[in-house]
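Survey of secondary and tertiary structure
So you can see what is in the structure, the chains are spelled out below.
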Amino acid sequence: MDHAAEVLDGLTRVVGELRLQSLEPQLAACRDRLRAGTRVEVAVLGRFKAGKSSFLNHLAGRAVLPIGVIPLTAVITRLRHGPRERVRVHFLDGSFRDIPPEQIRHYVAEDENPHNLKQVASVELELPELKPLAPLEFVDTPGLGSALTHNTEVALNWLPNVGAALVAVSADAPLGEPDLNLLDQLRRHTPTIALLLTKADLLTEAQRAEVQAFVTTQLRQRWDGGLPVFFYSIKPELAWPRSVLVAEFLEPLRQNRHQAGTAILRHKLASLRHQALNSLQLALAAATQVESARAALREKLADERRQFELLRTELALFAREQSARALDTYQTALRPAQAALQAKVTTAFQTQPELGRLRPPRLFDAWRTWLQDWLRRELTELSHSRQEMFLAPLHHTRAHLTRTLQAFHDRLAAHVKAALGVTLAQREFVLEVYEPRAPPVDVAFAFDPAFTSISWLIPMTLFRRAIQRSLLRKARYEVEKNLSQLAAEWRERVAVAIEDLRRQAESEARNELEELERMLQQSPSDAARLRERISELESLPIP
Ligand SMILES: Nc1nc2c(ncn2[C@@H]2O[C@H](COP(=O)(O)OP(=O)(O)OP(=O)(O)O)[C@@H](O)[C@H]2O)c(=O)[nH]1
Ligand SMILES: [Mg+2]
């Protein structure tokens, strides 16, 4: 785009003068995009474990990115074609290092680089295998919404930089609220978005048709025209989705990359201009309004500021109440599960041949190891199958806080409208829910150490039945104890996540109020300059 640099200068001036800090990341992304020229990147985004890294590996035809069953990708990773294989790690201090591909995991994966202790900014891969898709580039991003909040933050902070976007959603859990929120956010930053329904092999053909219809309707209801939807699978028995995606999305993008690149930059600039103009109009209205109206609005905002304490207290109380209630809910919900598990552990214990044969003290160790494994398996399964129940307080809190924020925004908007006649731009409140991971299991020693150390003296012919009975009783008790610990652990983790939501809500509300107050500091003498800025922005040549 010929005038992009000029547009960017205009926007930079306004953002700087009005101190619109919330727009700075978008401004920086526009600058990068302008520098990128005709390079087009396809970013893969989505919830954790949606299959993003697996998809990119499959597309490249090579298992190069680490994948796993736990939240894994922790760092923005770029892939592009290169004549020779090269992996370059960029660090936050600006330095970089080339590493062999086998070592990628040490830098990219959460388990080997927890909390990004290695201070990696991004990793860049050049692979000969990507030649057929060149010069398209790809970006793997950390999954959203896991317990690892720092990973969600990395991905969300990166959003303004997105080029074309593929939003990965597992086909067997298609399109939840968080996916729709992500799509909402993305639309501010790019015009080129498609939905990728991963793990299509988990569905039958009939189920795929059902999912396709459901998703298409959902998307159309939310946005005019909907979005392109593609299935994907990394399984060799389901090869057609890859061909369709390449033929209908990637290849057209590759061929029309100049137009696509321009359209993406234009979209970013237009979106930024729209947001900056709204702030300018507000500032101008504040500057030109008669002093009495301005004073009235200032008074209203001062009122809101005083009320803000109330809002904070309300948010905190609600969050605390939800956390407190969670444990009761869990315990009630898990009571039937306890009886069922105790019956199950009895059968499992009686049919475990080793436990019928061994003698103390090895019997006690074997019992403990066996029970620990058994409980871990059963409770992980239970944690997983009852996840909806465990997470319910979290989702409930999120819905409530979003409504509260919306009401706060609506109140501010009404004050502004009444005093200045300007409609405050709709804000999107995206409260991210960080889902906790399933908690650990712990089994106590069967008997105290003193008894265990002399237990080899016990004549087993006489006491085997008594010891077996005692071990079974202890096993049933361990079921009860661990189940209750599971509930407590979930509560603990959900409480942390709820507290995090509360903090996000509070800072959203405060930012909105403060940005508004800043806009209203304009005085009549600023009006001429603001008008000039508005007409500058309006006449900026964004086609
Ligand atoms: N059945 C099936 N499983 C898949 C497919 N793609 C990915 N998976 C599995 O899904 C799990 C998650 O895959 P990843 O590629 O690590 O997911 P991710 O979205 O990159 O996860 P994060 O990096 O944690 O956000 C792994 O166990 C994969 O084996 C698929 O097409 N079919
Ligand atoms: Mg990944």
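Residues numbered from 1 in each chain as written. Chains lettered and ligands numbered in written order. Predicted model: local features only at pLDDT ≥ 70, side-chain atom pairs only at ≥ 80, totals over all residues. Heavy atoms only, no water.

A short note on the UniProt feature "coiled-coil region" (unreviewed entry) in the protein
Rules: UniProt positions are given in the numbering used here, feature names are shortened, and annotations may be inferred rather than shown by experiment. For helices the rule is a DSSP run of H or I covering at least 4 residues; for strands it is a run of E covering at least 2, with both sets numbered from the N terminus onward.
Summarizing the sequence annotation, UniProt attributes the feature "coiled-coil region" (unreviewed entry) to residues 287-314 and 495-533 in the numbering used throughout. Spanning residues 287-314, this segment combines 93% helix with 0% strand, and its end C-alpha atoms are found 34 Å apart.

Observations concerning the nonpolar core
What counts here: The nonpolar core is taken to be a set of buried Ala, Val, Leu, Ile, Met, Phe, Trp, Tyr and Cys residues, with the residues joined through side-chain atoms within 4.5 Å. Throughout this description, buried means an accessible area under 20% of the type-specific maximum (1.4 Å probe, protein chains only), exposed means over 50%, and partly exposed covers the range between. Either an automatic procedure or a domain database provided the assignment from which the domain bounds are taken. We call two residues in contact when some of their heavy atoms are within 4.5 Å.
Membership of the largest hydrophobic core comes to 93 residues, with the highest contact counts inside it found for Leu11, Leu269, Trp367, Leu371, Trp374 and Leu420. With 19 residues, helix 15 (residues 460-519) is the single largest residue contributor to this core. Residue-level mapping places this core at the junction of two domains, with at least three residues from each of domain 1 (26-275) and domain 2 (291-537). Excluding residues within four positions of it along the chain, Trp367 makes contact with Phe349, Leu355, Val443, Ala444, Phe445, Ala446, Leu471, Lys474, Ala475 and Glu478. Core analysis: the next-biggest nonpolar cluster, separate from the first, contains 41 residues, Val40, Leu65, Leu125 and Leu127 among them.

What about the environment of Arg47?
Relative to the elements of secondary structure, Arg47 occurs in the loop between strand 1 (41-46) and helix 3 (52-60). Under the relative-accessibility criterion, Arg47 is labelled buried at 16%. Along the backbone, Arg47 and Ser539 are 492 residues apart, and their C-alpha atoms lie at a distance of 40 Å.

Some words on a nonpolar patch on the surface
The condition that has to hold: Patch members must show over 30% relative accessible area and no salt bridge, and they are joined within 9 Å when carrying like charges or within 5 Å when they are nonpolar side chains of Val, Leu, Ile, Met, Phe, Trp or Tyr. Note on areas: Shrake-Rupley, 1.4 Å probe, and residue coverage restricted to the protein chains presented here. Definition used for salt bridges: Asp or Glu carboxyl oxygen within 4 Å of a side-chain nitrogen of Lys or Arg.
On the surface, a cluster of nonpolar side chains totalling about 430 Å² of accessible area is made up of Phe451, Ile454, Trp456 and Leu457. Position of Ile454 among the secondary structure elements: in helix 14 (residues 449-454). The class for Ile454 is partly exposed, based on a relative accessible area of 47%.

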